[in-house]
Amino acid sequence: MFTVKVKKRNGSLEDFEWEKIDAVVKKAFEADGKDVPQLTKDIVHNTIQVKHNNKEIIDIEDIQDDVVKSIIASGEWDVALAYASYREKHKELRFIKERVDWIDNYMESKENAATSSETDANANVSIKNVANIDGEVYKSINRQIQRYRMTKQLEKQFPEVAKQYAKDLETHIIYAHDEASSPAVKNYCEAVSLYPLLVEGTKGMDGLGTVAPKNLSSFCGQLVNLTFLLSAQCKGAVAFGEFFNFLDYFCIKDFGPNYHEKAYRIEASILPSRKIVDAIHQAYQQIVYGWNQPAGNRSYQSPFTNISYYDKYYWHALFDEFCFPDGTKPMWERVNWLQKDFMEWFNNERTKTLLTFPVETVALLSEDGDIKDKEWKNFTAEMYSKGHSFFTYISDNPNALASCCRLRNEIAENVFSFTNGLTGVQTGSANVITLNLNRIIQDWARQKAKSPEENNGVIDSTVNMPGLTGLREYLISILERVYKYHIAYKTLLYEVEDAGMLNASTAGYINMHKLFSTIGINGLNEAAEFVGIKCNYNEEYKEFCRLITGTISEQNKIHSTKDFQFNTELVPAEGLSSKNYNWDKSDGYWVPEDRNLYNSYFYIASDENCSVLDKFKLHGREFTELLDGGVGLHCNLEEHLSKKQYLKLIDFAIANGTSYFTFNIPNSECDDCHYISKAPIKVCPKCGSTHITWWTRVIGFLRPIKFFDKERYKEALTRVYSKKETVC
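Now for a quick tour of the structure. None of the values given here were measured: they were computed from a predicted structure.

1. Overview of the environment of Glu-118
As for its placement among the helices and strands, Glu-118 is situated in the loop between helix H5 (113-116) and helix H6 (130-136). Along the chain, Glu-118 and Ala-180 lie 62 residues apart, while their C-alpha atoms are 9.8 Å from each other. Dropping the residues within four chain positions of it, Glu-118 is found in contact with Glu-98, Arg-99, Trp-102 and Glu-136.

Printed below as a string of structure tokens:
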């Protein structure tokens, strides 16, 4: 007796019935004006029974494939062709109906855009509209196209892992970031050079025959246009490490080489007559408000834009040899004035409207246990105390730069290269594949130990043993596959570049060879907890973290070549953290019950016992020095500290090697009168309303909490914000 279950397209199960098979075959022949030959019926029955006899569940599509093959085997080619065509048309109709149903559900849902997103949700989407639908509706197809392309490429380059790629994704050992965002092969993110803009305008990106900008106004317009053009051809962020140098270049064009010295004088040459600083602030406004406009081609997200500030010594190390196309050079005194003026302006502008972009980073050089440029050390602390929200990067080596998201690397001869994040030029991430460490470590622990006969007479001590024996080797076995996946993807990128389809590269804004393939980490805390290690400042946790990061960093160096370079990042995982948590929980893996998603830091954001100083230690050199990629400390505070307190924390960061951090104090906006406070409030002091929206960093960038997806919103409510008096 043939007793199996049939899995239908909606996932439900029903009993297998021969009558339904016979009815399908009969309809196929009737459509061609024929009766069913007994031979065909016998072949259909025999094929299905022999092929699936030992199975408990058969997929409906497998059964229909068997019917087609059996009809062909019986010699009825015309019937088989007609039936196959019938199936394909119905498949198309099912897809269209399913997508239309999804659109209707998206429009009717009361959830926000991030929660309503089918996959790869992002809090950077403010409102739901038809542009969201355009970006969302084909994500499921985009993912299929990307996986098909990758499988075909792996069959060419690494056939031994071609089938394993989809399996690793489907079993959630790894995650390919923004896989569903586009059917085309694109690099993930990029830090660009603005030099081509001065040579030919945006012509290399838009093909419109534009000329290079001639003054400050045209520079602002072309820069905003360029940002949208660049964002359309990558999946993630665009960074401008040279922003203030080029801004200085065009301020000179309009106001002369000493504009910073006479910025507050009224200039009759400016129409209408006004102060130079007011004209410059108008330029800031044009750029920043342009950057915060949503892009229709990215599901109505604003382009994720980053800029960098440098202290005196960093700036000289990077730009002393730099020249513009006309042979002139930027000057520190002017750039320094612009940097400080912009930061002050931006901080003040955020009291009028809460702007997300640009994400800012201040790069400071340390020497002999202190920041070398005391002026910028004090200015950084002062701006924090005034309520401004930005990242700080500290290094004791002017040739070592870092970005929050993708890369920390050495720079030779001032040929600086960075990724999406902050302080680099002509580089970025080609692709990001993240390891689900909590699942990986549990798979390692669940392995069946080899018998002495299978293990050359040696007792297998690699599984479930103290000291994590064998975990390193197990992790390397997965990394070996991931490097092949990365190489295959970047090879596809090189092919797209050779075809002239990656304008950012062909126009000279980025250098494809400098794009790093990033290996992300998620579930680090949870993996440690699974093996009984507490995630606080202790030796056991430190050694565990160093085992993981050190192993990956070591393998990155072994596998990197000129054309294929690798780095590691503790990924922000805005949406992935809850996906991995829920996938693992659903599949029977252990997950912590005291949270709803995996953590994105070396500390646990909801841990009330983890002090601010402990967080700085956990993101210091003892834990992060083996990482060759980004790791950012988000220090959550209830209220802003004094300048003196921030200076103490900067000193503490230097002493502990905490290289990358920001202070996150929720901002508030009244939903009724739109009063803005740079502190968390419950009642509006202007109109008395209790309808208040808090803005905080979802992961890396400032957004309203109400725009977070459902799981990230829950997590945000559990974050511990330290009190001012407990800090230092």
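Past the structure itself, the notes keep going.
2. Let's talk about the pairing of strand E19 (residues 660-664)
Summarising burial for E19: five of the five residues are buried, a large majority. Taking every second residue as pointing to the same face, both faces of E19 are buried, with Tyr-660, Thr-662 and Asn-664 on one and Phe-661 and Phe-663 on the other. Sheet topology places strand E12 (residues 391-395) next to E19; three bridges connect them, and they run antiparallel. In the sheet register, Thr-392 faces E19, and the bridge partner there is Phe-661. Read as a crossover between parallel neighbours, the route from strand E18 (residues 633-636) over helix H25 (residues 643-656) to E19 is right-handed.

3. Re the sheet that holds strand E2 (residues 13-15)
Here three strands make up an open sheet; going across it, the order is E2-E1-E3 and the pairing mixed. Here the strands that pair on one side only, and so sit at the sheet edges, are E2 and strand E3 (57-59). Direction aside, neighbouring strands of the sheet carry axes that sit 35° apart on average.

4. Considerations on the packing of aromatic side chains
In total, this model carries 51 aromatic pairs according to the counting rule given. Ring plane angle 70° and centroid distance 5.7 Å describe the contact between Phe-661 and Phe-663, whose orientation is recorded as edge-to-face. For Phe-661, a relative accessible area of 0% gives the class buried. These aromatic residues form a ring-pair network of at least three members: Tyr-195, Phe-219, Phe-246, Tyr-249, Phe-250, Tyr-310, Trp-315, Phe-319, Phe-322, Phe-324 and Trp-332. Its guanidinium or amino end placed over the ring of Tyr-537, Lys-617 lies 5.0 Å from that ring's centre, counting from NZ or CZ.

Reading the values: rules and limits
- Residues numbered from 1 in each chain as written.
- Predicted model: local features only at pLDDT ≥ 70, side-chain atom pairs only at ≥ 80, totals over all residues.
- Heavy atoms only, no water.
- Helix = DSSP H or I, 4+ residues; strand = E, 2+ residues; numbered from the N terminus.
- Contact = heavy atoms within 4.5 Å.
- Buried < 20%, exposed > 50% of the residue type's maximum accessible area, 1.4 Å probe, protein only.
- Pairing = 2+ DSSP bridges.
- Right-handed = clockwise from strand over helix to strand, strands pointing away.
- Axes fitted to C-alpha atoms, helices over the stretch in contact; angles between N-to-C directions.
- Phe/Tyr/Trp six-rings, centres within 6.5 Å; stacked < 30°, edge-to-face > 60°.
- Lys NZ or Arg CZ within 6 Å of the ring centre and 35° of its normal.

So far we have only geometry, and geometry alone does not tell us how the molecule works.
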